Amino acid sequence: MNPVRELQKHGQSVWLDYIRRSLLTTGELRRLMEEDGLRGVTSNPSIFEKAITGSEEYTESLRRLTRTDPHADGKSLFEGLAIEDIRLAADVLKPVYAETQGVDGYVSLEVSPRLAHDTQGTILEARRLWEVVDRPNLMIKVPATPEGIPAVETLIGLGINVNVTLMFSLAHYEAVAAAYIRGLSRAPDPSHVASVASFFVSRVDRAVDRALEEIGTPEALALRGRAAIANSKQAYRRFREIFYGEEFAELRARGALAQRPLWASTSTKNPAYSDVLYVEELIGSDTVNTVPPGTLNAFRDHGQVRASLEDDSEISGSDLEKIGGVGVDLDSITEELQRNGVKAFADSFEHLLASLEEKREAIRTHRIAAGQAMTLGASQVPVDERIREWEERDFARRFWCKDPSLWSAEPAPELSDRLGWLELPEAMHEELDRLHALAQEAREEGIRFVVVLGMGGSSLAPEVFQATFGNAPGFPELIVLDSTHPDAVRALEERIDLTATLFLVSSKSGTTAETLSFFRYFWKRAEGLVDHPGRSFIAITDPGTPLEDLARERGFRAVFSAPPDVGGRYSALTFFGMVPAALIGMDAHRFLDRAWTLSEGCAFCVPASANSSLILGAALGELARAGQDKVTFLVPPALRGFPAWLEQLIAESTGKDDTGILPVADEPPGDPDEYGSDRVFVAFLLDGDDAGEPGEGFLDGLAAQGHPVIRVSLEDRYDLAREIFRWEMGVAAAGAVLDIHPFNQPDVELAKRLAREAMAERDGGSGGGAPESFAADGSEETSRALQELLGEAREGDYVAIQAYIAPTSEAESRLQTIRKALRDRLRLATTHGFGPRYLHSTGQLHKGGPNTGLFVQLVDQPSEDLPVPETDYTFADLIQAQARGDYQALRQRGRRVIRLDLGRDPVEGLDRLIEELA
């Protein structure tokens, strides 16, 4: 039985908090009504704005409206488009309205948020919209502000259906219920008017939880996650008293409908809580729950149904008393939530109007929007066929439903429970106030450096943000430490002022060996310099990890819990990326907004043929199947950091089961005719000062040589967020083409295990013997071994340089010289990475992907070591064990690999290697 349908048995109606044109024109709303028993729709100006700017589904309507009135402002354009959508939705829902005799089947349209504090203005606009839409199953949405409540009374008295929104407290609810009853008493026929009272849920928990965490006592912390449900149950109990008591008896006798509580804001914001918490705990008769698509999908998949509103009513009241008893003023919090809610709606509405006017100008001037364009040659045919197949299989909708059968016929761990990133662009907006406050606090305290202590997905996005945006004036510089080489740790310590540095200890599992080693080292240094070392540290991790416990024990400045259903390489838009972004002064709202716009352009109701992410995924997958599996990135200087993030996303997602797509980042460019036939070129083109690199002539030359070319145009650097989401979804879709699981990393653990064994051998255990090494000294033995490896090169292979040395600029420039020499000599794609960093990115492809790699591992002998406090090992021990474990893992997988020892001067050793390859 579908749990969503089961809610009807308990007297609860489910409405969808989502509306856009394609939801209506593709039949998706009708399908939700038929399959899930959906009974209504609430509109959302933010979704509407993202659909307009992120897709082309409103373009023709905008052209028509612009032809009718070339000078139409944003508000006129909005009304023209919104009224079309509302009428369409009302007509689709009309059978529900008729079947339930006006209880359900409604669609909501809000009055302008500009009128939230204008009673007469609200009344006039609501009456006008009611007449213009001209549908009996319309509800006009009015906020429950002091000025909105008398407007509600008047509108109900006029027979206009009203959705009263932005209620957060019992006082709000009682005022709204009273206004509804007074309005009904004035209505000519109270049986022909309906209303719902939208009571907001999850935002209450977010605000109260934050207050409880600031108090910090065990009693306070034990009350987290209990305020919102207790608050809602209190309102429901009052609803039953009012509408089933004497106060409403006369109106009920005249056929009047009760004003049902509508639970709004029911998506879960805290990753420590169940994603269906606010649906499961608020089930009861005469209620409505309006849910976004993601929550609807989650509840359909694993929701549990019971009459929960009738449970624990006394306990709920006790919870609110306890929350007040520890010092939380719930009344003040709920009043502030309403004020902030009104402002957020107003800001969203203004943003919508500005976007419409910008879209109007783009249509008027025939300006082409930023996006992607592909020249695929013969591969265009299979890509088109794949898209047609996906439309027949309803691939896009199933993707957003997190259907694991898209990738595997059998159940598999880390499949459907690793798609939480789909909702991040919208969900993370809820955290921006907290991030902004943290950034301002750090700035006011004179923090000069933010250091990310992390690996892979924890560090790559922050590094890209610093490289792309830099730190805004007055904000700290961000540095990433993801090398365990003692020289790298020492170099960082010498670069920063420890008394003016914030360390972000970032680890999804909370057990990452490198991250914890970095933490122990800098904790020891901070202990000797500052009075409260915990204030110098922030933890970013999943809920309930050992790192979270450590952070609480040692009094970290803050702890940020990331969603556990988002894997590391998909975590750029979680706290792992957005905390560093806020601290360096990025406009996090603008950034997330771009990602949200792209996600709505690829939403569940958008056909695959109009979904840029799925088109990208089909292209990447089909090209790889045809042997063009080396995706080579070309970027302007301003975006030079981005390919490193893409490298992990692609390599770790696709490199398994002897399959994979090789990302080629930062390779020195060559002539178009020097590349092998296994390449795909992706060029990111940035408007403005950096336009022209890479040049269009060069790209045309590549296409003329038969190489597939994908051009991605960005209006500005903030469009990077759009590309993050597009490539996340695209790479996951490519996994379906390649028949692989895109969210796991089965071969990463092998190198970790062998590294642990190497550490054990250091202490007298059994590690399987030291790997064979050749000194990079120009000797005949080393030359012969290297030439033997290179002599095994075959067409379609690649060369990977794995440098377990400190990542200095001198080393980087020489590695690039080596790459160019190898590419020109072998005509193969080349990659390079510093260890152990790449173990958390391309390491999965090296061991789990196709056996087409030639691996050159470079190690050195650190001249001066550093102990890791609170342990019995040093950083040199750690990096040497990691290099050894990686080498042995490659050997176990039958890979072709050589290990070269650069000695105590790695730069000199690299110079000798360059001479060898000349």
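Here the structure is a predicted model, which means the values were calculated and not measured.

Participant: Before we move on, could you go through the sheet that holds strand E21 (residues 829-834) and cite the residues and values that matter?
Facilitator: Strand pairing in a sheet is mediated by backbone hydrogen bonds. Such pairs are either parallel or antiparallel. Pairing is parallel in the open sheet, where five strands are placed in the order E19-E23-E22-E20-E21. The sheet is open, and its two edges are formed by strand E19 (774-775) and E21, each paired on a single side. For strand E20 (residues 798-804) and E21, the ladder comprises six bridges, and the chain directions are parallel. Pairing of Ala803 across the sheet is with Phe834, part of E21. Seen against the sheet, helix H36 (residues 875-892) touches E20, strand E22 (853-859) and strand E23 (896-901) and runs at an angle of roughly 155° to E23.

Participant: Let's hear about the sheet that holds strand E13 (residues 537-541): which residues, and what values?
Facilitator: Pairing in this open sheet of five strands is parallel, and the strands run E11-E10-E12-E13-E14 from one edge to the other. The sheet is open, and its two borders are formed by strand E11 (477-481) and strand E14 (558-561), each paired with just one other strand. Strand-to-strand, the axes of this sheet are offset by a mean angle of 20°, without reference to chain direction. Pairing geometry for E13 and E14, over four bridges, is parallel. Pairing of Thr541 across the sheet is with Ser561, part of E14. In the packing of helix H21 (residues 432-444) onto the sheet, the strands contacted are strand E12 (501-506), E13 and E14, and the crossing angle to E14 comes to about 150°.

Participant: Run through helix H25 (residues 546-553), naming residues and quoting values.
Facilitator: Turning to H25, its buried residues number three or more, namely Leu547, Glu548, Leu550 and Ala551. Viewed end-on, H25 has its buried residues packed into an arc of 160°, placing them on one side of the element. Against the buried residues of H25 lie E12, helix H24 (513-527), E13 and E14. Of the residues one or two after H25, Gly555 is the one with positive phi, at around 70°.

Participant: Provide a residue-level description of the packing of aromatic side chains, including the pertinent values.
Facilitator: In the structure shown here, the tally under the stated rule is 46 aromatic pairs. Aromatic pair Tyr18 and Phe604: ring centres 5.3 Å apart, planes at 45°, arrangement tilted. Taken as a pair, Tyr18 in the loop between strand E1 (12-17) and helix H2 (21-25) and Phe604 in the loop between helix H27 (588-601) and helix H28 (612-625) lie far apart in primary sequence, 586 residues in all. Its relative accessible area of 11% is what places Phe604 among the buried residues. Note on Trp407 and Phe743: the rings are 5.5 Å apart at their centroids and 70° apart in plane angle, and the pair reads as edge-to-face. Taken together, the residues Trp407 in the loop between helix H19 (395-400) and helix H20 (424-427) and Phe743 in the loop between helix H31 (720-738) and helix H32 (748-762) connect sequence positions 336 residues apart. One aromatic cluster is present, built from ring pairs that chain together Trp390, Phe395, Phe399, Trp400, Trp407, Trp421, Tyr570, Phe725 and Phe743. Taking the ring centre of Trp596 as reference, the NZ or CZ of Lys50 above it sits at 4.4 Å. Directly above the aromatic system of Tyr244 lies the positively charged group of Arg240, at a separation of 4.2 Å from the ring centroid.

Participant: Report on unusual backbone geometry, specifying residues and quantitative values.
Facilitator: With an omega of 5°, the peptide bond between Gly835 and Pro836 qualifies as cis. Of note in the backbone geometry, Leu166 takes a positive phi value of approximately 65° without being a glycine. If you trace the backbone, Leu166 turns up in strand E5 (residues 162-167). Positioned with a positive phi, Asp739 is a non-glycine residue whose angle comes to about 60°. Following the sequence through the fold, Asp739 ends up in the loop between H31 and H32.

Participant: How would you summarise the nonpolar core if you had to cite specific residues and measurements?
Facilitator: Nonpolar side chains tend toward joint burial in soluble globular proteins. One finds Phe399, Trp421 and Trp727 to be the most contacted residues of the largest nonpolar core, which totals 224 residues. Ranked by the residues each element gives to this core, the list is headed by H31, at 13 residues. For Trp421, the residues in contact, after removing those within four places along its chain, are Phe399, Asp565, Val566, Tyr570, Phe725, Glu728, Met729, Ala732 and Phe743.

Participant: Lay out the side chain of Asp593 with the relevant residues and their values.
Facilitator: Locating Asp593 in the fold gives a position in helix H27. Residue class for Asp593 comes out buried when judged on its relative accessible area of 6%. In this structure the side chain of Asp593 is engaged in a polar contact, spanning 3.2 Å, whose partner is the side chain of Lys50. Dropping the residues within four chain positions of it, Asp593 is found in contact with Glu49, Lys50, His351 and His429.

About the criteria used
Residues numbered from 1 in each chain as written. Predicted model: local features only at pLDDT ≥ 70, side-chain atom pairs only at ≥ 80, totals over all residues. Heavy atoms only, no water. Pairing = 2+ DSSP bridges. Helix = DSSP H or I, 4+ residues; strand = E, 2+ residues; numbered from the N terminus. Contact = heavy atoms within 4.5 Å. Axes fitted to C-alpha atoms, helices over the stretch in contact; angles between N-to-C directions. Buried < 20%, exposed > 50% of the residue type's maximum accessible area, 1.4 Å probe, protein only. Arc of directions from axis to C-beta. Phe/Tyr/Trp six-rings, centres within 6.5 Å; stacked < 30°, edge-to-face > 60°. Lys NZ or Arg CZ within 6 Å of the ring centre and 35° of its normal. Core = buried A, V, L, I, M, F, W, Y, C linked by side-chain atoms within 4.5 Å. Polar contact = N/O pair within 3.5 Å; in protein donor to acceptor, adjacent residues only side chain to side chain.

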